[in-house]
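An overview of the molecular structure
Below, each chain spelled out in residue letters.
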Amino acid sequence: MSMHLQRQTDRLKKMILSLSALVEEASEGAIRAVQLRDVALAKQIIEADDRIDLMEIEVEEECLHTLALYQPVAMDLRFVVAVLKINNDLERIADLAVNVAEQAVFLAGMPRVEPPFDLATMTRKVQWMIKSSLDALVNIDTALAQEVRKADDDVDDIHRKAYTHIETQLHADPQRIEALVHFLSISRQLERMADHTVNIAEDVLYMARGDILRHSRPHPNRMPAPSNP
């Protein structure tokens, strides 16, 4: 690798890490806003999304500049391609965090309803997956990347149970329908965040070994169709 390309890849790494720090902060803040019924924090997360969107565009442009100017090959090429893909996944996680923050605003204006599923455990697992996928990126840690992929099964399981439990409560307690629907949406946003962290982990494996794994995943179980009332 030439000195100039080395400097450019170092620059890309710093840019994607700066973006990842903002995204991690947004996801943690959005959940905290739900748990604390903190409207001000939720609005802060929503407003900060513009900065993340701008950084995502800057990273993409820098990747394209690197490809055009330096024409990297082998692992250097895989690195730039992986950063392009990870960049998109980080932006999507931030969008999902905004969705959660918006749900937090709605819930804060309603009478308090306890989460009808294990939100705390689901949150811990998703936040671990976000942090670990980014740690795997920093250290090119393929073992940790594989652990992130495995952890997705736990998040999917919590989401499936949340769906079933909330469906039952919708029939048993129609007065809480609005709040329950918001919590179901939060569960779905968290599950999708986890999916994007798996994408990041698989991009780390692609970067390190050239493995393309996205099409080798088992298809997740479909959500059960709602029963007739």
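Below or above, wherever it landed, is the structure these notes cover. (Residues numbered from 1 in each chain as written. Predicted model: local features only at pLDDT ≥ 70, side-chain atom pairs only at ≥ 80, totals over all residues. Heavy atoms only, no water.)

**Looking at the nonpolar core**
- Counting 65 residues, the largest nonpolar core has Ile-16, Val-34, Leu-90, Phe-117, Phe-183, Leu-190 and Met-193 as its most contacted members.
- Listing elements by their share of this core, those giving two or more residues are helix H1 (3-36), helix H2 (39-70), helix H3 (74-108), helix H4 (119-139), helix H5 (142-172) and helix H6 (177-209).
- Leaving out residues up to four positions away in the same chain, Phe-183 has contacts with Val-34, Leu-107, Val-113, Glu-114, Pro-115, Pro-116, Phe-117, Leu-119 and Ile-166. (Core = buried A, V, L, I, M, F, W, Y, C linked by side-chain atoms within 4.5 Å. Buried < 20%, exposed > 50% of the residue type's maximum accessible area, 1.4 Å probe, protein only. Helix = DSSP H or I, 4+ residues; strand = E, 2+ residues; numbered from the N terminus. Contact = heavy atoms within 4.5 Å.)

**Re the packing of H4 against H5**
- In contact at an axis separation of 9 Å, H4 and H5 are set at 160° when each is read in the N-to-C sense. What the angle tells us is that H4 and H5 run roughly antiparallel. Note that H4 runs across H5; the crossing there is left-handed. Counting all contacts with H4, which are made through Thr-121, Met-122, Lys-125, Val-126, Trp-128, Met-129, Ser-132, Ser-133, Asp-135 and Ala-136, the residues of H5 involved are Leu-144, Ala-145, Glu-147, Val-148, Ala-151, Asp-152, Asp-154, Val-155, Ile-158 and His-159.
- Class assignment for the residues of the contact of H4 with H5 results in eleven nonpolar, four polar and five charged. (Axes fitted to C-alpha atoms, helices over the stretch in contact; angles between N-to-C directions. Parallel < 35°, antiparallel > 145°, perpendicular 65-115°, else oblique. Left-handed = near helix turned anticlockwise from the far one by under 90°. Nonpolar A, V, L, I, M, F, W, Y, C, P; charged D, E, K, R; others polar.)

**Focus: the packing of H5 against H6**
- Put simply, H5 and H6 touch, their axes get as near as 9 Å, and they point 165° apart. The angle between H5 and H6 falls in the class roughly antiparallel. Once H5 is placed against H6, the crossing between them reads as left-handed.
- For the contact of H5 with H6, a count of residues per class yields 18 nonpolar, six polar and eight charged.

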